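Spelled out, the chains give:
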Amino acid sequence: MTDTDGAYSRIPVLELPYPLVLHPGLVLSVPLKQQYTLSLLKAAMHERNSSSQGAPQSDSDAAVTPVANRPLMLACVPRGVNSSEGEMPEWGCVGRVIRLVNQPGSDTRLVLSGVGRARIEALVEPQPTRALPAHINIVRIKTYIDNASAPIADNAAASEMRTVARQLLDILTGEEYQANGARSAVAALPLLPPSFSRRFKSVLRAKDVAHGALADVAMGALGGACAWEDRVMHLSLTEPNARVTVTTRVLERGIQRARAMREVAAAVPSSMQGPNAEALIRAQIQSLLAQVAAIHPTMRVMINEQRGDSSPLVRRTISGPPAPPPNEQEAENDEDADEVSELAERIEKADLSEDARRISQRELKRLRRLPPQAMERSVIIHYLETLCEMPWGKTTADFPPNELSIPESLAADIPNEELVARAQRILDADHYGLEKLKRRLVEYLAVLQLRRSQVEAEQPKSDGGESSARSPAPVRYRAPILLLVGPPGTGKTSIARSLAAALRRPFVRVSLGGVRDEAEIRGHRRTYVGAMPGMIADGLRRAKTSDCVMLLDEVDKLSSGSGVHGDPSAAMLEVLDPEQNGAFKDHYIQVPIDLSRVLFVATANSLDTISAPLLDRTEVVDVAGYTYDEKVAIARRHLLPKQVREQGLKQEELSMADDVLLFVATNYTREAGVRTMERRIADIVRAKAVEYAARDGKYVSRVTSADVERILGPPMYESEVPDAQGVPGVSTGLAYQGSGIGGILHIETALLPPGNAELRHTGSLGEVISESAELAFAWVKSHAFALGITHTREEPFPQNDVHLHLPMGAVPKDGPSAGVALTCALVSLYLGVPLDPHVAITGEVTLRGHVSPVGGIKEKIVGAHRAGITKVVLPARNKKDYDADVPESVRKELKAVFVSTVLEALGAAFGVELEERISTLHGSLEGHRRLQELELPISRL
Ligand SMILES: Nc1ncnc2c1ncn2[C@@H]1O[C@H](COP(=O)(O)OP(=O)(O)OP(=O)(O)O)[C@@H](O)[C@H]1O
């Protein structure tokens, strides 16, 4: 037996109506009043949420279960018929709430499953919170759960228990009587259904059930035949072997009781006469009354304990429909009245807006008129509580900082630090790189600060300071709404959090991904069952202040659907429109909410799916994907230290060199952000933590690439490398794979036997890239004479078909950006001049031979640099992107040539070799003429 120190050390008490007892391993359905059940569950939820520990369950994953998914637990203590108010038994059973069944009227049934024994250590003061109803007791318990590896091999005591249990079962099901030839039909009447008997017998036969658990099951299932006191005493038996022995004795006594009961029922004259018979009859009546009381929990019925005298047997007669005793009814009414006056007090203190105050008074009046059992009460109470929790006019300045969930920053507070300086410091401390974004955010804050001081200066001075007890009227200014757009995992959410930290305001995140129903944004009307405020109002409620930073995450995944569920993106328009959001209407709250002070920041992965009007209300800030160097730096400064801390190691107990981090980034991740990188690092650190815990003296803190391969398996991705030698017909293009990953792309062409001079292609080419290839081919054909491909102008273009292939055929490729590289490959093929494989080319061609700009320059160049490219040929109109986005370290090591025409591109890619080739193909004079016609701008490169 292990005693598991109760993880749920604080837990609400459920007093089980007599004669119910919950045993571990058993399921019990308890009839309760609806209001009481709701209060109980509310208390259980509150204790669970405020408990940092896991539930007292043996599941090993309990610790990692999010709080909201953990079960609700109650300390189920049996309540005797004569127990007085407030008396708390020493032992009970921790019950996990499985289900709540509503019954007609105001009754419910709470279905609970016994988890383990609980010793009630003390009654504890509930934390002073409005969420916890006053009439629920909270106790500190110690939980005892049987060791999962308890012995299951049968011993003498266990088999005796099995035999006795089987015997009792036979009596209860009437099988004993049927077998012996029943003396009366009543005696043979089954008290338990035969199906139960069959199931329970198979449990008794099972050899894989631990003895202690079997004892609990036997007691729980057959306990009806045993004395209530015995069953309660059984709960205190934490030691399984002792429990087995005691169970056998209790069940034996149960056999005697059951036999006697049957005999009495059959009115057979038996040895049970005189005082014994009276005691049994009393016990039976008591049990019957208790069962009636269990159905009507408000009823208290007792029988006179005095035996052998003429006083009435039952102390409180039951006639007609059971009614709660008047004093209880009063107590209940008092409680309800208390709740309403408490609520009225809260409303008074809540500083509601004028409209909210008016509506709350109206609802309060309705609440007072409602009878305590009315279903509508809880709906009104919930509504009024929500109204009180909304911030209305309150701003961050109205709260002491510790009362708000202001995000913690890594950096300490510096006295008298200006907002802009603090923002820069916090953004730098929390995030590596993202320079453009940080700059924009700091600018944004600077403007915000200026606007604020401007508006403050414009506001009329308050008349005579001490007269106004409240904080000065908050300043209104309209901040533009920033929309951070970039691939997943690039730090958009976390930088918005840092922005809130810099502003010292609460941060709330509203996830809009997959929202299809307008009501999710705007709330449900209160006429709906289970109506709730919408996401925006709820976010504001969580933030507690009307000037919080609200992150609208994934606005691009917001459905702009129409039809029965309304249009959520239209509702967002209202939220984000400064002209309208001063009086935002949530269907549930009903009162206009002022959103004009909320600082909205939105995020999206792409702009394509965002509706134009929504886009129009925001200011887009691009967040680019990271280069490998940036990923390594982020991993070194943030991700690795965080994972080492989280896995319980000290920083000096694990080290990873930059080349190892780079190995992880290049071989195990294919993403623009760093989320997978963080997961891979977590895998490595976890594996190292296990090695460290083994403490076999072989632990090495330094992680090598070989360790990485051992832990993460063989590399998942391989990057393209340039060919060692140039081959005619092959060029190197630049590719951007969309999720921030750029790199090089080999373009291969070959001449086929004469046909119709057609271009065939393989390598999963999309429509756009195929068109680029056709265009490139057409350009080469139209310049065939000048390039020296044909002898004379009249000579037809060679009739050979051309095969174009882009390796990694399984990977679909599309986009126009390979046009220039395709042209170079074809020129190389026809003239037999190889291209330097370390020169990479990108750009779109037009039929007239112009080179148009392309996207993904940063990713392409960084990828090319990593692959070992030394020179890149880029469209001239991409120069600004190259200068602004490509890291200086990369630019320093690369030669970049910017071109406006295909001819310039050819000159840059081939260098003098092309000129030499053309000039010698048809004799030097003719060659010179052709070069003149071509105007190949070699000299300029
Ligand atoms: N530049 C950075 N410096 C430090 N940590 C970073 C940086 N960029 C991202 N991270 C970390 O990467 C993780 C993912 O970032 P975050 O959740 O903010 O991404 P996101 O851009 O919001 O992604 P999504 O679009 O999927 O919501 C976080 O733990 C964050 O701290």
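Remember, it's a predicted structure, so these values are computed and weren't measured experimentally.

**Q** Can you walk me through the sheet that holds strand β7 (residues 481-485) in this structure?
**A** Backbone-to-backbone hydrogen bonds join strands into a sheet, with any given pair of strands oriented parallel or antiparallel. Across the sheet, 5 strands lie side by side as β8-β9-β10-β7-β11; this open sheet has parallel pairing. A single partner strand is all that each edge strand has here, and the edge strands are β8 (507-511) and β11 (618-622). The mean angle between the axes of side-by-side strands here comes to 25 degrees, regardless of whether they run parallel or antiparallel. Pairing analysis gives 4 bridges linking β7 to strand β10 (residues 599-604), with the strands arranged parallel. The residue of β10 that forms the bridge with leucine 484 is threonine 603. Sheet strands touched by helix α17 (residues 535-543): β8 and β9 (549-553). Its angle to β8, the strand with the most contacts, is close to 160 degrees.

**Q** What is the right way to read the packing of aromatic side chains from this model?
**A** Any aromatic ring pair is given by two values, namely how distant the centres are and how the planes are angled relative to each other. What the rule picks out here adds up to 8 aromatic pairs. Taking the centre distance of 5.3 Å and the plane angle of 55 degrees together, the rings of tyrosine 18 and tryptophan 228 count as tilted. Taken as a pair, tyrosine 18 in the loop between β1 (10-16) and β2 (27-33) and tryptophan 228 in helix α7 (residues 228-234) lie far apart in primary sequence, 210 residues in all. Each of the two residues, tyrosine 18 as well as tryptophan 228, counts as buried. With 5.5 Å between their ring centres and 50 degrees between their planes, tryptophan 91 and tyrosine 144 make a pair best called tilted. Of the two residues, tryptophan 91 is situated in strand β4 (residues 91-102) and tyrosine 144 in strand β6 (residues 138-144); the sequence distance between them amounts to 53 residues. Classification of tryptophan 91 by relative accessible area gives buried; the value is 12%. Residue tyrosine 144 is classed as buried on the basis of its relative accessible area, which comes to 9%. Three or more aromatic residues joined by ring pairs make a cluster, and in this case those are Phe777, Phe797 and Tyr830. The ring of phenylalanine 785 has arginine 930 lying over it, and the distance from NZ or CZ to the ring centre is 3.8 Å.

**Q** Is there a simple way to explain the pattern of salt bridges in this structure?
**A** Pairing is possible between side chains that carry opposite charge, provided their charged atoms lie close to one another. Scanning the entire structure with this criterion turns up 40 salt bridges. The salt bridge involving arginine 542 is made with aspartate 538; its shortest N-O contact spans 3.5 Å. Note that arginine 542 and aspartate 538 are positioned in helix α17 at a spacing of 4 residues, about one turn of the helix. Accessibility expressed as a relative area gives 38% for arginine 542, which makes it partly exposed. Classification of aspartate 538 as partly exposed rests on a relative accessible area of 22%. We note a salt bridge from arginine 597 to aspartate 594, for which the minimum N-O separation is 3.5 Å. Of the two residues examined, arginine 597 and aspartate 594, each falls in the buried class. Among the charged side chains, a salt-bridge network with shared partners connects Arg117, Asp146, Asp216 and Arg243.

**Q** What should I look at first to understand the confidence of the model for the protein in this one?
**A** Reading predicted coordinates in detail is not appropriate for stretches of low pLDDT. Per-residue pLDDT for the protein has a mean of 79; in total, 78% of the residues score no lower than 70. Here helix α4 (residues 185-188) stands out as the element of the protein with the lowest mean pLDDT, 56, in contrast to strand β21 (residues 871-875), whose mean of 95 is the highest. Low pLDDT, under 50, characterises residues 53-63; the predicted model gives this stretch 23 contacts beyond four residues in sequence or across chains. The low-confidence segment residues 462-475, where pLDDT is below 50, has 12 contacts with residues more than four positions distant or belonging to other chains.

**Q** What should I look at first to understand unusual backbone geometry in this one?
**A** The omega torsion across tyrosine 18 and proline 19 is 0 degrees, close enough to zero to call that bond cis. If you trace the backbone, proline 19 turns up in the loop between β1 and β2. Its identity is not glycine, yet arginine 504 carries a phi of approximately 60 degrees, on the positive side. On the secondary structure map, arginine 504 appears in the loop between α15 (492-503) and β8. Residue class for arginine 504 comes out partly exposed when judged on its relative accessible area of 24%. Positive phi values are uncommon outside glycine, yet glutamate 554 reaches one of about 60 degrees.

**Q** So what exactly am I meant to see when it comes to the UniProt feature "active site" (unreviewed entry) in the protein here?
**A** The sites that UniProt annotates as "active site" (unreviewed entry) are Ser817 and Lys860. Taken along the chain, the residues just named run across 44 residues; in space they keep tight, none of their C-alpha pairs more than 10.9 Å apart. Structurally, serine 817 is set in the loop between β17 (800-805) and α26 (819-831). Residue classification places serine 817 among the buried positions, given a relative accessible area of 15%. The contacts of serine 817, once residues within four sequence positions are left out, are Leu734, Thr842, Gly843, Val854 and Lys860. For lysine 860, the location among the structural elements is in helix α27 (residues 857-867). Given a relative accessible area of 2%, lysine 860 falls into the buried group. Look past the residues within four positions of lysine 860 in its chain and what remains in contact with it is Leu734, Ala735, Tyr736, Gly742, Gly743, Ser817, Thr842, Val854 and Gly855.

**Q** How should the nonpolar core be read in this particular structure?
**A** In summary, soluble globular proteins display a tendency toward joint burial of nonpolar side chains. Of all hydrophobic cores here, the largest spans 54 residues; its most connected members are Met550, Leu552 and Met572. At 6 residues, helix α12 (residues 376-389) tops the list of elements feeding residues into this core. Here this core spans two domains, and each of domain 3 (332-389) and domain 4 (402-454 + 474-622) adds at least three residues to it. For leucine 552, the residues in contact, after removing those within four places along its chain, are Val510, Leu512, Ile536, Met572, Leu576, Phe600, Val601, Ala602 and Thr603. Counting 53 residues, the second largest nonpolar core, distinct from the first, contains Leu484, Ile634, Met656 and Ala689.

**Q** Could you clarify how one ought to interpret the pairing of β6 in this entry?
**A** Taken residue by residue, a regular strand's side chains alternate between the two faces of the sheet. Counted residue by residue, β6 has 5 buried out of 7 residues, so it is predominantly covered. Two elements, β1 and β6, share 3 bridges in a ladder whose sense is antiparallel. Residue pairing across strands places proline 12 opposite isoleucine 138, the latter belonging to β6. With 7 bridges joining them, strand β5 (residues 107-124) and β6 adopt antiparallel strand pairing. Within β6, the residue paired with alanine 118 across the bridge is threonine 143.

Cut-offs used in this document
- Residues numbered from 1 in each chain as written.
- Predicted model: local features only at pLDDT ≥ 70, side-chain atom pairs only at ≥ 80, totals over all residues.
- Heavy atoms only, no water.
- Pairing = 2+ DSSP bridges.
- Helix = DSSP H or I, 4+ residues; strand = E, 2+ residues; numbered from the N terminus.
- Axes fitted to C-alpha atoms, helices over the stretch in contact; angles between N-to-C directions.
- Contact = heavy atoms within 4.5 Å.
- Phe/Tyr/Trp six-rings, centres within 6.5 Å; stacked < 30°, edge-to-face > 60°.
- Buried < 20%, exposed > 50% of the residue type's maximum accessible area, 1.4 Å probe, protein only.
- Lys NZ or Arg CZ within 6 Å of the ring centre and 35° of its normal.
- Salt bridge = Lys/Arg side-chain N within 4 Å of Asp/Glu carboxyl O.
- pLDDT = per-residue confidence, 0-100.
- UniProt positions renumbered as here; feature names shortened; annotations may be inferred.
- Core = buried A, V, L, I, M, F, W, Y, C linked by side-chain atoms within 4.5 Å.
- Domains from an automatic or database assignment.

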